[in-house]
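An overview of the molecular structure
These are the residues of each chain, in order.
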Amino acid sequence: MFITRYRDRTRMNHWAVALLFICAGLTGLALFHPSMYFFSVFFGGGYWTRVLHPFFGLLMVLGFVFLFFAVVRDNFWTRADTEWVKKAPKMVTTGDEHHMPPVHKYNAGQKGVFWVFAISLVLLLITGFMFWQPWFADFFPIPLRRAAMLVHAVAALALVLSVIIHVYAAIWVKGSFRAMTRGTVHEDWAKSHHPLWYKEVTQDTRDNATRTKR
């Protein structure tokens, strides 16, 4: 039996942000260093790469805003998450989840990645405006623009690394990828990886069924 984990609009939002991340990342790499300039070929050359990069980034941030408000309620930190982090090294080395504290919809690792996404994108948005030529850069002094470029690069690196972790975890935990492709997960998967969330969802289902019978 399968249960719903994500609605269609949330999944569409997720994949739109993922596509924009790839476009923003590739154009950003092309502009970051000459050795990666060949990525500009996919976007019509150097001129269009420079033009499109900030728009890809802006659309990515806007898309994430909708995703943020769709899932933020389940990503607030709790004491149980702190306990999860303390026991996580053993899980990583042994692959055994059975000693881990039970979690709701997201575990502490997923929550950490989510907040790195959010913080990185805020920094990328703010700093990106500070050296976006020819529209906004002239409003800021050159030293500030240079500092913004450094912060922009560091935030981009943090975002890329967190995305790699996010993708790796989705592949490592079998059955996770289905949640964002079909929107559902198997009951056994939910019981094993997110037991408190499974209990909450199934209880809501029972309550709704009871109300319907009445």
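Just so we're clear, the structure is a prediction, and the values are computed from it rather than from any experiment.

Let's shift gears to helix α3 (residues 79–94). The end-to-end C-alpha distance of α3 is 24 Å, a good match for the 22 Å that 16 residues give at a rise of 1.5 Å each. At Lys-87, α3 shows its maximal bend, which comes to roughly 45°, and the proline Pro-89 appears one to four places after that position. Of all the positions in α3, only Asp-81, Trp-84, Ala-88 and Met-91 are classed as buried. Buried positions along α3 lie against α4 (108–130) and α5 (142–172). Residue Gly-95 follows α3 closely and has a positive phi angle near 80°.

Each pocket or cavity is described by its volume, and for the largest pocket that value is around 1400 Å³. Looking at the largest pocket, it is lined by 46 residues, and the ones nearest its centre are Gln-110, His-166, Val-167, Ala-169 and Ala-170. Every element with two or more residues in the lining of the largest pocket is listed here: α1 (8–32), α2 (46–71), α3, α4, α5, α6 (177–181) and α7 (187–193). For the lining of the largest pocket, the class distribution of residues is 32 nonpolar, 11 polar and 3 charged. Here the second largest pocket defines a volume of roughly 1200 Å³.

What follows covers the packing of α2 against α4. Each pair of packed helices can be summarised by the angle the axes make with each other and by the distance between the axes. Interaxial distance between α2 and α4 falls to 10 Å at its minimum, and their mutual angle equals 145°. Both α2 and α4 take part in a crossing whose hand is left-handed. Across the interface between the two elements, Leu-58, Met-60, Val-61, Phe-64, Phe-68 and Val-71 of α2 pack against Phe-114, Trp-115, Phe-117, Ala-118, Leu-121, Leu-125 and Phe-129 of α4. Of the residues that constitute the contact of α2 with α4, the class distribution is 13 nonpolar, no polar and no charged.

This next bit is on unusual backbone geometry. In this chain, Gln-133 is followed by Pro-134 through a cis amide linkage whose omega measures 0°. Summarising the element assignment, Pro-134 is placed in the loop between α4 and α5.

A few words on the UniProt feature "transmembrane region" (unreviewed entry) in the chain. When the UniProt feature table is mapped onto this chain, "transmembrane region" (unreviewed entry) is found at residues 12–32, 52–72, 113–135 and 147–173. For residues 12–32, the end-to-end C-alpha separation is 30 Å, with 100% helix and 0% strand making up the annotated structure. The span residues 113–135 is 78% helical and 0% strand by assignment, and the distance between its end C-alpha atoms comes to 32 Å.

With that settled, consider the nonpolar core. Counting residues in each nonpolar core, the largest one holds 35 residues, and the members touching the most others are Met-60, Phe-64, Leu-121, Leu-159, Val-185 and Ala-190. Where this core is concerned, the elements lending two or more residues are α1, α2, α4, α5, α6, α7 and α8 (195–213). The greatest single-element share of this core, amounting to 7 residues, is contributed by α2. Residues Trp-84, Ala-88, Met-91 and Val-103 belong to the second largest nonpolar core, which totals 6 residues.

Attention shifts here to the UniProt feature "domain: Cytochrome b561 bacterial/Ni-hydrogenase" (unreviewed entry) in the chain. With numbering aligned to this structure, UniProt lists the feature "domain: Cytochrome b561 bacterial/Ni-hydrogenase" (unreviewed entry) at residues 5–183. Across residues 5–183, helical content stands at 70% and strand content at 0%; the span's end C-alpha atoms are separated by 6 Å.

Further remarks concern the confidence of the model for the chain. Taken as a whole, the chain shows an average pLDDT of 92; of its residues, 95% reach a score of 70 or greater. Here residues 209–214 scores under 50 on pLDDT; set against residues more than four positions off or in separate chains, the count is 0 contacts.

What follows deals with the packing of α1 against α5. The contact between α1 and α5 brings their axes to 12 Å, and the two run at 135°. The angle between α1 and α5 places the two elements in the oblique class. For the element pair α1 and α5, the recorded crossing hand is left-handed. For the pair formed by α1 and α5, the contact residues are His-14, Phe-21 and Phe-32 on the first element and Ala-153, Leu-159, Val-160, Val-163 and His-166 on the second. Here the residues of the contact of α1 with α5 are counted per class, giving 6 nonpolar, 2 polar and no charged.

About the criteria used
Residues numbered from 1 in each chain as written. Predicted model: local features only at pLDDT ≥ 70, side-chain atom pairs only at ≥ 80, totals over all residues. Heavy atoms only, no water. Helix = DSSP H or I, 4+ residues; strand = E, 2+ residues; numbered from the N terminus. Expected span 1.5 Å × (residues − 1). Bend = angle between axes of the 7 residues up to and from the residue. Buried < 20%, exposed > 50% of the residue type's maximum accessible area, 1.4 Å probe, protein only. Contact = heavy atoms within 4.5 Å. 1 Å grid on protein atoms, 1.4 Å probe; cavity = no way out; pocket = protein on both sides within 12 Å on 5 of 7 lines; lining within 4 Å. Points joined across faces, edges and corners; volume = space filled by probe spheres on them. Nonpolar A, V, L, I, M, F, W, Y, C, P; charged D, E, K, R; others polar. Axes fitted to C-alpha atoms, helices over the stretch in contact; angles between N-to-C directions. Left-handed = near helix turned anticlockwise from the far one by under 90°. UniProt positions renumbered as here; feature names shortened; annotations may be inferred. Core = buried A, V, L, I, M, F, W, Y, C linked by side-chain atoms within 4.5 Å. pLDDT = per-residue confidence, 0-100. Parallel < 35°, antiparallel > 145°, perpendicular 65-115°, else oblique.

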